[in-house]
Amino acid sequence: MDIPPLAGKIAVLSLGALPLSYALNHVSALSYPLGVVWMSALILGLLFLAIYSLSRSDIYYDPLYAVFAVFSFTSVVDLLIALEEDGYMGSFMAFYTKEGEPYLRTAHGVFICYWDGIVHYLLYLAMAGAIRKRKRYRNLALYWLGSFVMSILVFLPGNILGKYNSEIRPSFFLTIPYLLVPCWAGLRVFNQTQAPSCCTPNMVEEEQRKGLLQRPVDLALIIYLIFAAFFTLFRGLVVLDCPMDACFVYIYQYEPYLRDPVAYPKVQMLVNMFYVLPFYGLAIYALIFPGCSWLPDWTLVFAGAIGQAQFSHMGASMHLRTPFTYRVPEDAWASFFVCNLLYALGPHLLAYRCLWSPAFFLRPLPGPPAHHEKQH
């Protein structure tokens, strides 16, 4: 997969968030929640107009260019929030975390800001650059889609269900576009044509005739997926207060963060159990039976989703903003990191396997008609 060039124009425009945030932090009118809402909406509107006037042809070619450009600006804002909350800088976004979205000051909020400000930001620049160069970016977009949707599925319900539900301000309703955009963007991305496959009908037929024992990589992935599925189910039962002794030991001695009243870890484990667990079962099926052409796309979506989820979960479990009683105990650090890193790495290896050698997952292609000699 070719990595498209980054969009320099969008990068320059997004960096305008630095001086703008610093100036707005000293505006007294933004010390009120409604002032933050109106100013945020005004800035996003003016930003869209600026992007439209500068890149009209790119937006006409692909409207997602405008989405990536606007979101790259918000990614820089999120990175500023994370850096300021961790004490690396000051006087930039205090007004927003105080009067806009105070739950961004939680450990989970800080780490989703880091992910958005680094990983999503690079993806936005790469995808916008691909649109400018009229290149394909479907795989990058699928990874971004999974990551983006996972962050929303956990963060928004966690804000409502957790201990910060009384801190919800009018700025919370600015997240409504974040619910609509992934639906529209997902439809556009999935409707894009896939890159042409280099696999010939003979290659597809030969690969799909192989048994599972002849495909050791697929066998190893199936074994991994089985263990990952049990781990997903187990942690889902843990947050549901399963009375088994193993659940009690795990939540108190290995991952006490699952008991944190902010609710983000509990929502995360439930999302994993209801969405990731079925995908693992379907992926095992697709690795056994050939012709499941949907698997390569969905492995990218779930790789992005699980990557974002594990980054936020692992970081928040150790962060100083998490109360000490809910942090991972020091004697459990090794097992915690090994289990969670493997849980995050596996879907990426599965996605790489599907992209690297897709012949097994392709539908059988019609081969050339057989020529029979006429017998006399």
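Everything quoted here is computed from the prediction, not taken from an experiment. (Residues numbered from 1 in each chain as written. Predicted model: local features only at pLDDT ≥ 70, side-chain atom pairs only at ≥ 80, totals over all residues. Heavy atoms only, no water.)

Caption draft 1: Structural view of the environment of P296. Tracing the backbone through its elements, the reader meets P296 in helix α14 (residues 295–318). Remark: the alpha-carbon pair of P296 and P358, spanning 62 residues in sequence, is separated by 7.5 Å. Apart from the residues within four sequence positions on either side, P296 is in contact with C354 and F361. (Helix = DSSP H or I, 4+ residues; strand = E, 2+ residues; numbered from the N terminus. Contact = heavy atoms within 4.5 Å.)

Caption draft 2: Here's a closer look at the UniProt feature "domain: EXPERA" (unreviewed entry) in the chain. As annotated in UniProt, the feature "domain: EXPERA" (unreviewed entry) corresponds to residues 61–186 and 217–351 in the numbering used here. With 71% helix and 0% strand, residues 61–186 has its two end C-alpha atoms placed 17 Å apart. (UniProt positions renumbered as here; feature names shortened; annotations may be inferred.)

Caption draft 3: Inspection of the domain arrangement of the chain at higher detail. Domain boundaries in the chain define domain 1 (8–191) and domain 2 (201–361). When each unit is reduced to the centre of its C-alpha atoms, the spacing between domain 1 and domain 2 is 27 Å. Tallying the contact residues gives 31 residues for domain 1 and 29 residues for domain 2. Between domain 1 and domain 2, the buried area comes to about 2600 Å², and carbon and sulfur atoms account for 71% of it. Viewed at the interface, domain 2 and domain 1 are joined by two salt bridges. For R138, the salt bridge is made with D297, and the minimal N-O distance between the two is 2.8 Å. Among the elements of the structure, α7 (107–132) and α8 (138–161) are those that each provide at least two residues to the side of domain 1 that touches domain 2. (Domains from an automatic or database assignment. Buried area = accessible area lost by both parts, 1.4 Å probe. Salt bridge = Lys/Arg side-chain N within 4 Å of Asp/Glu carboxyl O.)

Caption draft 4: Up close: the packing of aromatic side chains. In this structure the tally under the stated criterion is 30 aromatic pairs. Ring geometry for F155 against Y264: centres 5.8 Å apart, planes inclined by 15°, an arrangement best described as stacked. Taken together, the residues F155 in helix α8 and Y264 in helix α13 (residues 264–288) connect sequence positions 109 residues apart. Here the two residues F155 and Y264 agree in accessibility, since each one is buried. With a centroid separation of 5.3 Å and an interplanar angle of 80°, the aromatic rings of F234 and Y250 are classed as edge-to-face. Of the two residues, F234 sits in helix α11 (residues 216–239) while Y250 sits in helix α12 (residues 245–253), which places them 16 residues apart along the sequence. Through successive ring pairs, a cluster of aromatic residues spans F190, F231, F234, Y250, Y254, F279, Y280, W298, F302 and Y343. When the ring centre of Y61 is taken as reference, the NZ or CZ atom of R134 above it lies at 4.1 Å. Note that R215 overlies the ring of F360, its terminal NZ or CZ placed 3.9 Å from the centroid. (Phe/Tyr/Trp six-rings, centres within 6.5 Å; stacked < 30°, edge-to-face > 60°. Buried < 20%, exposed > 50% of the residue type's maximum accessible area, 1.4 Å probe, protein only. Lys NZ or Arg CZ within 6 Å of the ring centre and 35° of its normal.)

Caption draft 5: How the structure looks around the environment of Y124. Within the secondary structure layout, Y124 lies in helix α7. Along the sequence, Y124 and W144 sit 20 residues apart, while their C-alpha atoms lie 8.6 Å from each other. Apart from residues lying up to four places away in sequence, Y124 is in contact with F68, F71, S72, S75, D116, W144 and F148.

Caption draft 6: Quick peek at helix α3 (residues 33–54). Taking 1.5 Å per residue, 22 residues should reach 32 Å; α3 reaches 32 Å between its end C-alpha atoms and fits that length. Within the sequence span of α3, burial applies to V36, V37, S40, I43, L47 and I51. Down the axis of α3, the buried side of the element spans an arc of 135°, and every buried residue falls inside it. Pointing more than 90 degrees away from the buried face of α3 are the exposed residues L34, W38, L46 and L49. Buried-residue contacts for α3 involve α1 (8–14), α2 (17–24), α4 (56–61), α5 (64–85) and α6 (94–99). (Expected span 1.5 Å × (residues − 1). Arc of directions from axis to C-beta.)

Caption draft 7: Just the pattern of salt bridges, in detail. Within this structure, the stated rule accounts for 13 salt bridges. D58 serves as the salt-bridge partner of R132, at 2.8 Å between the closest nitrogen and oxygen. Here the residue R132 occupies a position in helix α7, and D58 occupies one in helix α4, the gap between them amounting to 74 residues. Assessed through its relative accessible area of 36%, R132 is described here as partly exposed. Look at D58 and you get buried, because its relative accessible area is 4%. A salt bridge links R321 to E85; its shortest N-O distance comes to 2.8 Å. Of this pair, R321 sits in the loop between α14 and α15 (333–356) while E85 sits in helix α5; the two residues are 236 residues apart in sequence, bridging distant segments of the chain. Through salt bridges that share partners, D58, R132 and R134 make up one connected network.

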